[in-house]
Amino acid sequence: MNPVIDRRLFLNLLAKGLLTGSGVCLSPSFALCRTAFDCALEGQDLIHSNAYEKAVAVLEEAIRLDPGSDWAYGLLGRAYHGLNRKAEAVDAFRHAVRLNPEDTYSRMMIEIITQKPIPSLKKEKRPPTPLEREADAEEKRMFAQLQSEEGLSYQVKRVVIDAGHGGFDSGAVGLSGLKEKDVTLDLARRVHESLAQEGKVKSFLTRSDDYYVPLSDRTVIANQYQADLFISIHINANENRQPHGSETYFCSEKASSKEAKRVAAYENSFMKLDKPYKKRPGYIDIEEILFQFERKLYWEESGEFANKYQERFRTELPLKNRGVHSANFFVLRTAKMPSILLELGFISNQEDEQRLSHSEFRAKIAKAVVKGILS
Ligand SMILES: [Zn+2]
């Protein structure tokens, strides 16, 4: 009689790696190895119906027919375990692992069965340390927030403010000669000082004066400060002098629009000022490879944050709101935290440039940025 095996079951077993070593070949007909396989299958059914005694007999027959089957040994272990015959169960599981070192189920079973009960240690009663108390309160607060309707909102504790450009890199320059690097530095300082006064969030600057910081170093600084938010401040520019207003960006592999792509290409073009990064021949950056997966999470979080931020920030901002966009910004790429880039007005637009040169106007913008961070 030809065995009729459900194709789905077969593929299922194959996917679980249960067929490895069982002697089953991948040919469409299982006739060659049907006996050992049949026995093992029958054993499995018997285990499922708790007929362990019978299962042991059938599975031992399967092993006699195919001593190289880790699957059959694993099942035999389960059958013995069902009978509470621990020594034989462990022995069968060990055989399974020997035949297939990747059989994590059998490995786990060995550990479970052979585990010696851990003597319970008497807990010494002592008052919690201030740190433990704080952690406990934080946990309770998070739990309460998770259960509340609003859910968990992002709470910023440490922020790095990055004033775009600096030193010999002026960034964009307006018609009347206003330089992006000067406006960004002034805005960053204002935001930094205002945050220091508020005292709720610890803030750090990537540069505090008119000097050049390579793009790649800016995120390194943010990572070193272990910030939970990175904000890079820039002023937009366009060949067309019409566009005005502010945009909030986060990093993504693909740009959200043509304009977003242009802005990122423009900001990234300043990278040519960085010293070329020389890789040693044959050097593989493991950190970079691992970070590729992490990065996606930070970007997702950045997108969520950018939208929430924009909502709070737009109500205070004295500039036209041009919305949230995303593109591949080099300065954001390697940040190990949610990070956004603000283009606060167009230096190429006469009115924006004129307003940006006034200190009261900058104070209003800084206030809006701070509100976005603090709320
Ligand atoms: Zn810029």
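See the structure shown above.
Owing to the predicted nature of the structure, the values given are computational and were not obtained by experimental measurement. (Residues numbered from 1 in each chain as written. Predicted model: local features only at pLDDT ≥ 70, side-chain atom pairs only at ≥ 80, totals over all residues. Heavy atoms only, no water.)

Asks: Residue-level account of the packing of helix α8 (residues 180–198) against helix α14 (residues 359–374), with values.
Replies: With their axes 9 Å apart at the nearest point, α8 and α14 run at an angle of 50 degrees to one another. Comparing their axes, α14 and α8 come out oblique. Of the two possible hands of crossing, α8 and α14 adopt the one that is right-handed. Between α8 and α14, the contacting residues are V183, D186, L187, R190, V191, S194, L195 and E198 on the first element and S359, R362, A363, I365, A366, V369, V370, I373 and L374 on the second. (Axes fitted to C-alpha atoms, helices over the stretch in contact; angles between N-to-C directions. Helix = DSSP H or I, 4+ residues; strand = E, 2+ residues; numbered from the N terminus. Parallel < 35°, antiparallel > 145°, perpendicular 65-115°, else oblique. Left-handed = near helix turned anticlockwise from the far one by under 90°. Contact = heavy atoms within 4.5 Å.)

Asks: Mind laying out the sheet that holds strand β1 (residues 158–163), listing which residues take part and the relevant values?
Replies: Spatially, six strands are ordered β2-β1-β3-β6-β4-β5 in an open sheet, and the strand pairing comes out mixed. Each edge of the open sheet is held by one strand with a lone partner, namely β2 (202–205) and β5 (321–327). Across the sheet, the mean angle from the axis of one strand to that of its neighbour is 25 degrees, orientation sign disregarded. In terms of strand pairing, strand β4 (residues 246–251) meets strand β6 (residues 339–346) through five bridges, oriented antiparallel. Bridge pairing in β6 links S246 to L344. Each of β3 (229–236), β4, β5 and β6 touches helix α10 (residues 258–268); the most contacted strand, β5, lies at about 70 degrees to it. Contacting β1, β3 and β6, α14 runs over the sheet at an angle of about 155 degrees to β6. (Pairing = 2+ DSSP bridges.)

Asks: Can you explain the packing of aromatic side chains? Please cite residues and give values.
Replies: Considering all chains together, one arrives at eight aromatic pairs under this definition. Look at F93 and Y105: their rings are 6.4 Å apart centre to centre, the planes differ by 70 degrees, and that puts the pair in the edge-to-face class. Taken together, the residues F93 in helix α5 (residues 86–99) and Y105 in helix α6 (residues 104–114) connect sequence positions 12 residues apart. Look at F93 and you get buried, because its relative accessible area is 0%. Residue Y105 is classed as partly exposed on the basis of its relative accessible area, which comes to 38%. Both rings, one in Y266 and one in F270, keep their centres 5.3 Å apart while their planes meet at 90 degrees; by these two values the pair is edge-to-face. (Phe/Tyr/Trp six-rings, centres within 6.5 Å; stacked < 30°, edge-to-face > 60°. Buried < 20%, exposed > 50% of the residue type's maximum accessible area, 1.4 Å probe, protein only.)

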